Amino acid sequence: MLDPLAAAYAADENARGLVRAFVSHWDAWGQANNCAVLILAHPPKSAGMSYAGSTDWQGAARALWTLQAEIDKSSEAGPRTWKLEFIKGNYGPKPEPLRRRWDTGGAGRRWEVMGADDCDADGGYEVDS
């Protein structure tokens, strides 16, 4: 796991060849070691942007997920909802986005998954923190 990407990659994030070489190196390392390589990056805060820099950050990756806050502008009092969305995948079907809410009330802190197929009738269930 490379977390965050900015600490592991010191070259120009806009240089397509350097980006492709960096991602290809980690892909080869993962295959040689029979494991996945997870690269965590903090993209720009612009809506709809899943990466910063060269398009090869997305193009060279086998899969890309984003986690973004969804802010309800009509109600600032409620908990913030986060959307985990599958942006790109080279293998298999694209799953539906998963919405989670961090709930600090009640018995303690927990994630509540919103709208998953295996949820209860109220549309959510608790996941241990």
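The structure contained in this document is the topic of the report that follows. This is a predicted model, so every value here is computed, not measured.

## Notes on a nonpolar patch on the surface
Part 1: Taken together, the side chains of Met1, Leu38 and Leu40 present a nonpolar region at the surface, about 300 Å² in accessible area.
Part 2: Structurally, Met1 is set in the segment before helix H1 (5–8).
Part 3: A relative accessible area of 68% means that Met1 is categorised as exposed.

## Some details on helix H2 (residues 16–32)
Part 1: Taking 1.5 Å of rise per residue, 17 residues should cover 24 Å, and H2 covers 24 Å from first to last C-alpha, within 8% of that figure.
Part 2: For H2, the set of buried residues is Val19, Phe22, Val23 and Gly30. The arc enclosing the buried residues of H2, seen along the axis, measures out at 85°, which places them on a common side. Residues of H2 that are exposed and point more than 90 degrees away from the buried face comprise Gly17, Gln31 and Ala32.
Part 3: The secondary structure elements touched by the buried residues of H2 are H1 and helix H3 (56–59).
Part 4: Of the residues trailing H2, Asn34 is marked for its positive phi of about 55°.

## Considerations on the nonpolar core
Part 1: Core analysis: the biggest nonpolar cluster contains eight residues, these being Leu2, Leu5, Tyr9, Val19, Phe22, Val23, Trp57 and Ala60.
Part 2: Apart from residues lying up to four places away in sequence, Leu5 is in contact with Phe22, Ile39, Leu40, Ala41 and Trp57.

## Here's the deal with the side chain of Asp56
Part 1: Locating Asp56 in the fold gives a position in helix H3.
Part 2: By relative accessible area, Asp56 is classed as buried at 10%.
Part 3: In this structure the side chain of Asp56 is engaged in a polar contact, spanning 2.8 Å, whose partner is the side chain of Arg20.
Part 4: Excluding anything up to four places from it in sequence, Asp56 contacts Arg16, Val19, Arg20 and Ala61.

The rules behind the values
- Residues numbered from 1 in each chain as written.
- Predicted model: local features only at pLDDT ≥ 70, side-chain atom pairs only at ≥ 80, totals over all residues.
- Heavy atoms only, no water.
- Patch = residues over 30% accessible without salt bridge, like charges linked within 9 Å, V, L, I, M, F, W, Y side chains within 5 Å.
- Areas by Shrake-Rupley, 256 points an atom, 1.4 Å probe, with all protein chains shown as cover.
- Salt bridge = Lys/Arg side-chain N within 4 Å of Asp/Glu carboxyl O.
- Helix = DSSP H or I, 4+ residues; strand = E, 2+ residues; numbered from the N terminus.
- Buried < 20%, exposed > 50% of the residue type's maximum accessible area, 1.4 Å probe, protein only.
- Expected span 1.5 Å × (residues − 1).
- Arc of directions from axis to C-beta.
- Contact = heavy atoms within 4.5 Å.
- Core = buried A, V, L, I, M, F, W, Y, C linked by side-chain atoms within 4.5 Å.
- Polar contact = N/O pair within 3.5 Å; in protein donor to acceptor, adjacent residues only side chain to side chain.

Shape descriptors only; they carry no functional weight alone.
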